[in-house]
Amino acid sequence: MEINRDLILLLLPIIILQLILLSIAIIDLIRNEQTNGPKWIWALVIILINIVGPIIYLIFGRRP
Amino acid sequence: MQWFVIFKKELLENWRNLKWIWVPIVFILFAVMDPITTYYLPKIMDAVGGVPEGSIIDLPMPNAQEAMMMSYGELGMLGVLLTVVIVMSTISGEIKSGVYEMILSKPVKFTNYVSAKFLSIMLIIIISLALAIGTAWYYVMILFGTIDFTRILMSLFFFTLYFALIVSIVIMVNTWIQSPGLVAFISLALIIIFNVLTNIYGHILTWSPALISDYIGEYLASGVLISELWYAALMAFVFSIVCLQFAIVTLRNRVLH
């Protein structure tokens, strides 16, 4: 599969946004002492599920 | 003055929740996904394979307006869902945790409380929508073709009014029930019923705010602002005010305990 240079350049902003989202979720997970459910499961969810994982954590994982 | 204090408290809380960072990012991702995948669908199918030798697949490439409407459609579905989830615990969570009693133990006007909450949320939503539509517009310009900036700006304005209606519906439901999950469920049910009714009686209810995104599609294609769009926007505005007023009345009649 040939990876097009233009495609990479085009998608770069989106990849960066996605990485920001992922790092925010991870930093928040580390900083929070209490989460809804075990921390290591949330870590797996955030890292393994693309885009949706961090969103789910930020909505449901944080304890008010 | 009092209004501003509550407004500032809400802004600070949304900042500590990190909502100011992740909501715009998620909105942008939602808006951008569809046009890009549509553009690259033929290439993706080539790369993935599984297409029988010699078969010709002719996928029609959408024009710029259609691609832009994909973004609006995605925001109208997932964006609304996300908005409901963000707003679901804004008052009900405070009633549950006791923050509500703490705020209301001071002589705070219910009008100030509800409107400050509404505006602080709308500020996030407006900025997120503007960023998302702007990014989608950028990609559509690169991949599909040009659309006038004024058309994007006007459609963004009408779309924001639709979201204002969604936010005020969820705030209204917030004052009825304390469980955030149930609030989200009932609000979504209300929004879906509203959309279905509009779809069934669309020929009568031409002023329904649920038709705003349809009208935006027509407007992007033709560039003519039809009067129904203005009336639908007006209706969205009026309904938002009514929902917020309902929320204020419900809170006023609630006994503090």
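Since we're looking at a predicted model, the values are computed, not measured. (Residues numbered from 1 in each chain as written. Chains lettered and ligands numbered in written order. Predicted model: local features only at pLDDT ≥ 70, side-chain atom pairs only at ≥ 80, totals over all residues. Heavy atoms only, no water.)

**Observations regarding the packing of helix H1 (residues 5–31) of chain A against helix H2 (residues 39–48) of chain A**
All names here are of chain A.
Working step 1: Contact pair H1 / H2: the axes reach a minimum separation of 10 Å and the direction vectors enclose 175°. Judged by the inter-axis angle, H1 sits roughly antiparallel to H2. Contact residues: Leu-22, Ala-25, Ile-26, Leu-29 and Ile-30 in H1; Lys-39, Trp-42, Ala-43, Ile-46 and Ile-47 in H2.
Working step 2: The residue makeup of the contact of H1 with H2, split by class, is 9 nonpolar, no polar and 1 charged. (Axes fitted to C-alpha atoms, helices over the stretch in contact; angles between N-to-C directions. Helix = DSSP H or I, 4+ residues; strand = E, 2+ residues; numbered from the N terminus. Parallel < 35°, antiparallel > 145°, perpendicular 65-115°, else oblique. Contact = heavy atoms within 4.5 Å. Nonpolar A, V, L, I, M, F, W, Y, C, P; charged D, E, K, R; others polar.)

**Considering the UniProt feature "transmembrane region" (unreviewed entry) in chain B**
All names here are of chain B.
Working step 1: The sites that UniProt annotates as "transmembrane region" (unreviewed entry) are residues 20–41, 75–95, 116–140, 152–174, 181–201 and 229–251.
Working step 2: Segment residues 20–41 splits into 100% helix and 0% strand. End C-alpha atoms: 33 Å apart.
Working step 3: Along residues 181–201 one finds 95% helix and 0% strand; the C-alpha atoms at either end are 30 Å apart. (UniProt positions renumbered as here; feature names shortened; annotations may be inferred.)

**Here we look at the interface of chain A and chain B**
Working step 1: Between chain A and chain B, the residue contacts involve 18 residues of the former and 21 residues of the latter.
Working step 2: When the two sides are added together, the surface that chain A and chain B hide from each other amounts to roughly 1700 Å², 84% of it contributed by carbon and sulfur.
Working step 3: At the surface where chain A touches chain B, the tally comes to 0 salt bridges.
Working step 4: Counting across the chain A and chain B interface gives 2 residue pairs in polar contact (both at pLDDT 80 or more). (Buried area = accessible area lost by both parts, 1.4 Å probe. Salt bridge = Lys/Arg side-chain N within 4 Å of Asp/Glu carboxyl O. Polar contact = N/O pair within 3.5 Å; in protein donor to acceptor, adjacent residues only side chain to side chain.)

**Here's the deal with the UniProt feature "transmembrane region" (unreviewed entry) in chain A**
Working step 1: Annotation from UniProt places "transmembrane region" (unreviewed entry) at residues 7–27 and 39–60 of chain A.
Working step 2: This span, residues 7–27 of chain A, is 100% helix and 0% strand, and a straight line between its end C-alpha atoms measures 30 Å.

**Quick look at the confidence of the model for chain B**
Detailed reading of the predicted model is not advised wherever pLDDT is low.
Residues and elements named next belong to chain B.
Working step 1: Per-residue pLDDT for chain B has a mean of 91; in total, 99% of the residues score no lower than 70.
Working step 2: The element-level mean pLDDT for chain B is lowest in helix H5 (residues 99–104), coming to 86, with helix H7 (residues 149–174) highest at 96.
Working step 3: Two summary scores accompany this predicted model of the complex, namely pTM at 0.91 and ipTM at 0.90. (pLDDT = per-residue confidence, 0-100.)

**Some points on the pattern of salt bridges**
Working step 1: Throughout the structure, instances matching the rule amount to 7 salt bridges over all chains.
Working step 2: Between Arg-62 of chain A and Asp-28 of chain A there is a salt bridge, with its nearest N and O atoms 2.9 Å apart. Here the residue Arg-62 of chain A occupies a position in the segment after helix H3 (52–61), and Asp-28 of chain A occupies one in helix H1, the gap between them amounting to 34 residues.
Working step 3: Asp-28 of chain A gets classed as buried once you look at its relative accessible area, which sits at 1%.
Working step 4: Asp-148 of chain B is paired through a salt bridge with Arg-151 of chain B; the nearest N and O atoms lie 3.9 Å apart.
Working step 5: Looking at Asp-148 of chain B, the relative accessible area reads 43%, which means it is partly exposed.
Working step 6: Salt bridges here are not isolated pairs; linked through shared partners, they connect Lys-9, Glu-10, Glu-13, Glu-94 and Lys-117 of chain B. (Buried < 20%, exposed > 50% of the residue type's maximum accessible area, 1.4 Å probe, protein only.)

**Observations concerning the side chain of Thr-90 of chain B**
Working step 1: Along the polypeptide, Thr-90 of chain B turns up in the loop between helix H3 (64–87) and helix H4 (92–97).
Working step 2: Contact partners of Thr-90 of chain B, with chain neighbours within four places excluded, come to Glu-10, Lys-117, Ile-121, Ile-171 and Asn-174 of chain B.

**What about the packing of aromatic side chains?**
Residue and element names in this part refer to chain B.
Working step 1: Throughout the structure, instances matching the rule amount to 17 aromatic pairs over all chains.
Working step 2: With a centroid separation of 5.1 Å and 75° between ring planes, the pair formed by Phe-158 and Trp-230 is classed as edge-to-face. With Phe-158 in helix H7 and Trp-230 in helix H10 (residues 227–253), this pair connects stretches of sequence that are 72 residues apart.
Working step 3: Residue class for Trp-230 comes out partly exposed when judged on its relative accessible area of 42%.
Working step 4: With centroids separated by 6.3 Å and ring planes inclined at 35°, the aromatic side chains of Phe-159 and Tyr-162 adopt a geometry described as tilted. Linking Phe-159 with Tyr-162, this pair stays in helix H7, spanning 3 residues, or about one helical turn.
Working step 5: The buried category is assigned to Phe-159, whose relative accessible area is 0%.
Working step 6: An aromatic cluster is defined as three or more aromatic residues linked by ring pairs; in this entry it consists of Phe-27, Tyr-72, Phe-159, Tyr-162 and Phe-163. (Phe/Tyr/Trp six-rings, centres within 6.5 Å; stacked < 30°, edge-to-face > 60°.)

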